[in-house]
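# Coordinate analysis (summary)
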Amino acid sequence: MNEQPAVTRIARESQSHFLHVNQDWWKVFSCEYTEFEVFKNYFKKDAGTERIAGFEDDDGTQQLIQNPPDEWVDNKDLQEDVLIGVVSRLVAQHALAHIADEEYNTLSKILDNGDFKMAIVRMSAFFEEFLSVQCMMELRDQKGEDMSRKDLDLIEEMGHSDRIRLARLLRVLDEKQHGYLQRMASRRNEIAHTPWSSIDEERQEDIRDTAIKAHEALYTLFDNLTIKMAVPS
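Owing to the predicted nature of the structure, the values given are computational and were not obtained by experimental measurement. (Residues numbered from 1 in each chain as written. Predicted model: local features only at pLDDT ≥ 70, side-chain atom pairs only at ≥ 80, totals over all residues. Heavy atoms only, no water.)

## Regarding helix α5 (residues 76-112)
Compared with the 54 Å implied by 1.5 Å per residue over 37 residues, the 52 Å span of α5 between its first and last C-alpha is a close match. Phi turns positive, to about 80°, at Gly114, one or two residues after α5. (Helix = DSSP H or I, 4+ residues; strand = E, 2+ residues; numbered from the N terminus. Expected span 1.5 Å × (residues − 1).)

## What about the nonpolar core?
Formed by 66 residues in total, the largest nonpolar core has its most connected members in Trp25, Phe127, Phe130, Leu131 and Leu181. Considering every element that reaches this core, the biggest residue donor is α5, with 16 residues. (Core = buried A, V, L, I, M, F, W, Y, C linked by side-chain atoms within 4.5 Å. Buried < 20%, exposed > 50% of the residue type's maximum accessible area, 1.4 Å probe, protein only.)

## Observations regarding the pairing of strand β1 (residues 8-13)
Of the pairings in the sheet, the one linking β1 to strand β2 (residues 16-21) comprises six bridges and is antiparallel in character. If you follow Arg12 over to β2, its bridge partner there is His17. Where β1 folds back on β2, the antiparallel hairpin that results is connected by two residues, among which Ser14 adopts a positive phi of roughly 55°. Bridge count between β1 and strand β3 (residues 65-66): two bridges; the pairing is parallel. Residue pairing for β3: Thr8 is matched across the bridge by Ile65. (Pairing = 2+ DSSP bridges.)

## Things to note about the pattern of salt bridges
Inspection of every chain in the model, using the stated rule, returns eleven salt bridges. One continuous salt-bridge network, built from bridges that share partners, spans Arg183, Arg187, Glu190, Arg203, Asp206, Asp209 and Lys213. (Salt bridge = Lys/Arg side-chain N within 4 Å of Asp/Glu carboxyl O.)

## Notes on helix α6 (residues 116-143)
If you check α6, its first and last C-alpha atoms are 39 Å apart, about what 28 residues at 1.5 Å a residue would give, namely 40 Å. With its phi angle positive at about 70°, Gly144 sits one or two positions after the end of α6.

## Here we look at the confidence of the model for the chain
Confidence in the prediction of the chain, expressed as mean pLDDT, is 84, and 92% of residues score 70 or more. Mean pLDDT across the secondary structure elements of the chain bottoms out at strand β4 (residues 229-230), with 70, and peaks at helix α1 (residues 23-29), with 93. (pLDDT = per-residue confidence, 0-100.)

## Examining the packing of helix α9 (residues 175-193) against helix α10 (residues 201-224)
The geometry of α9 relative to α10 is characterised by a closest axis approach of 9 Å and an angle of 135° between their N-to-C directions. Compared by their axis directions, α9 and α10 come out oblique. α10 is crossed by α9, and the crossing has left-handed handedness. Along its contact with α9, which presents Gln177, Tyr180, Leu181, Arg183, Met184, Arg187, Glu190 and Ile191, the element α10 presents Arg203, Asp206, Ile207, Asp209, Thr210, Lys213, Ala214, Glu216, Ala217, Thr220, Leu221 and Asn224. Taken together, the residues that form the contact of α9 with α10 break down as eight nonpolar, four polar and eight charged. (Axes fitted to C-alpha atoms, helices over the stretch in contact; angles between N-to-C directions. Parallel < 35°, antiparallel > 145°, perpendicular 65-115°, else oblique. Left-handed = near helix turned anticlockwise from the far one by under 90°. Contact = heavy atoms within 4.5 Å. Nonpolar A, V, L, I, M, F, W, Y, C, P; charged D, E, K, R; others polar.)

## Let's talk about the side chain of Thr8
Within the secondary structure, Thr8 sits in strand β1. Using a relative accessible area of 0% as the deciding quantity, one classes Thr8 as buried. A polar contact of 2.8 Å, which involves the side chain of Thr8, links it to the backbone oxygen of Leu64. Sequence-distant contacts of Thr8, defined by excluding residues within four places in its chain, comprise Leu19, His20, Val21, Asn22, Leu64, Ile65, Gln66, Val87 and Leu90. (Polar contact = N/O pair within 3.5 Å; in protein donor to acceptor, adjacent residues only side chain to side chain.)

Next up, the structure:
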């Protein structure tokens, strides 16, 4: 039996029960999820259990959930057909929320220092990876199965503006967020190819406003990430 902490815990809220990531487990395995390249490797593996760090297929429900209901413990079908998928999705959402929160705080400091040019360059690079992962997750959920390597490569090879459009089509972004991020991508290209000294005051103010709006979009995306799951019936 695996001696690592269980991946999730159950909490009662009003008349319902929800699964939350167990912080004791997260302290041990968070490094498996907080780098985008490592995180995306989980989409390239065949077995759902391999996407849950430290969990082996024969560990059982008690390793997935701390103190699960008695009727779940010996129900192998429930573990394989429902719980592994639910817990895997919850862990992914928890990891993305953690990544987004840390990036949001870093960008807040950059904006407070008035470095709006650097903020746009950094946000543009961050959103390329962040939206890539979110699109992968959403497509996998819609298909109800693991994605093919061809589909994964297609998302990875997209240009930034195309990936933002895909995120809008998949409803990862709402209309306002989509507008803010397309504007950010456009300003990023302008900054990359234009000396800062030649950008007039009006354009600098536009870059400032764009950086603030993109930062706002990151906050709303972070705020919308689900970090709890209803207990399956």
